Structure formats: structure tokens, C-alpha cells
Amino acid sequence: GDYPYLIGVTLKGDGREHEVAGTLSGSNEPRVVDIHGFRLEFRPQGRLMVLRNDDVPGVVGRFGTILGEGKVNIADIHLARAVDGRSDALAVLRLDQQPGPEVLARIQALPEVKEIHVFDLG
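The sections below set out a description of the structure shown in this document. Computed from a prediction, not measured in an experiment: that's the story for all the values here. (Residues numbered from 1 in each chain as written. Predicted model: local features only at pLDDT ≥ 70, side-chain atom pairs only at ≥ 80, totals over all residues. Heavy atoms only, no water.)

### A look at the environment of Gly22
Phase 1: On the secondary structure map, Gly22 appears in strand E2 (residues 16–24).
Phase 2: Separated by 11 residues in the primary sequence, Gly22 and Val33 have C-alpha atoms spaced 5.2 Å apart.
Phase 3: Leave out the neighbours within four places in its chain, and Gly22 touches Tyr5, Leu6, Ile7, Arg31, Val32 and Val33. (Helix = DSSP H or I, 4+ residues; strand = E, 2+ residues; numbered from the N terminus. Contact = heavy atoms within 4.5 Å.)

The structure is reproduced here in C-alpha cells:
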């Protein structure tokens, strides 16, 4: 396909399943290129926030505003929409600061946000 060195992983547990695929870039840096069928590309490092949301106008601005009000800087943002007819989208943000519980609660409370996860990959 598009990536000659693609590796996919499916993690199962607690009644849930997560699918992720990655590859190496031309400079041999790892890149995640697919999460649950959402095609995007980002480096798997640092503090990452992954959001699944309805694909409607204004959502990115709303969660960006909440992060800004919480003094959390967005270093990178990667967006993808479903390609299989679903009406949801995925955002992966690399953050400079750890969002506090109140910031995460405000983002989760947005009616368009379906899931939010924060990972610190160092």
C-alpha cells in the first residue's frame, strides 16, 4: 500500500479493542499512520491527547479554546475524518503541559466529543 514497512497492532482487553498502525519515515523516524481506520500521521512521542468527536464545524476551536483557557499549549495537531461513511473525526494533539482534570472534564462535556485520552510517551 502506501507504506512499505507498515506494522499494525490490535490491543484487546476490558471488553475494548484498539487498532493502531505505524511505519518508519524516510529518516527512519517512527510514525503512527492509522488509528481505528482514521488515516493521519504523527510522531508517537511526548504528551498526546486523542479525541474522537462528531465531524461538525467548530469542535476543534471549542476544545482548543478550553485548552488555552487552561494554559495548555498545543505543539502539534493532526486531524482525520472517517473514510468509511462514519460521521466522526479524530484529533491527535501534542501538548506542552498536562491538562488538569477540570480542563479534561470541560472538553469531555462538549456534546460533540465522544472519547478523550491523554498519554505521556516521554
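### Focus: the sheet that holds strand E8 (residues 113–120)
Phase 1: An order of E6-E7-E5-E8 is seen for the 4 strands of this open sheet, with the pairing classed as antiparallel. Two strands lie at the open edges of the sheet, namely strand E6 (74–81) and E8, each paired on one side alone. For this sheet, the mean angle separating the axes of adjacent strands, direction not counted, is 15°.
Phase 2: Most of the contacts of helix H1 (residues 59–69) go to E6, to which it runs at about 155°, and overall it touches strand E5 (47–54), E6 and strand E7 (88–95).
Phase 3: Helix-sheet contacts for helix H2 (residues 101–108) involve E5 and E8, and the interaxial angle to E8 is about 150°. (Pairing = 2+ DSSP bridges. Axes fitted to C-alpha atoms, helices over the stretch in contact; angles between N-to-C directions.)

### Considering H1
Phase 1: The complete set of buried residues in H1 reads Val59, Phe63, Ile66 and Leu67. Along the long axis of H1, the arc covered by the buried residues comes to 100°, so they all point the same way. (Buried < 20%, exposed > 50% of the residue type's maximum accessible area, 1.4 Å probe, protein only. Arc of directions from axis to C-beta.)

### A closer look at the pattern of salt bridges
Phase 1: Under the criterion given, the structure shown has 13 salt bridges.
Phase 2: Residue Arg47 pairs with Asp120 through a salt bridge whose shortest N-O separation is 3.7 Å. With Arg47 in strand E5 and Asp120 in strand E8, this residue pair connects regions lying 73 residues apart in the sequence.
Phase 3: Given the relative accessible area of 52%, Asp120 is considered exposed. (Salt bridge = Lys/Arg side-chain N within 4 Å of Asp/Glu carboxyl O.)

### Observations concerning the environment of His78
Phase 1: Following the sequence through the fold, His78 ends up in strand E6.
Phase 2: With relative accessibility at 22%, the residue His78 sits in the partly exposed group.
Phase 3: The sequence separation of His78 and Gly68 amounts to 10 residues, and the corresponding C-alpha distance is 17 Å.
Phase 4: When sequence neighbours within four positions are dropped, the list of residues in contact with His78 reads Leu40, Glu41, Phe42, Leu90, Ala91 and Val92.
Phase 5: From its side chain, His78 meets the backbone oxygen of Glu41 in a polar contact 3.1 Å long. (Polar contact = N/O pair within 3.5 Å; in protein donor to acceptor, adjacent residues only side chain to side chain.)

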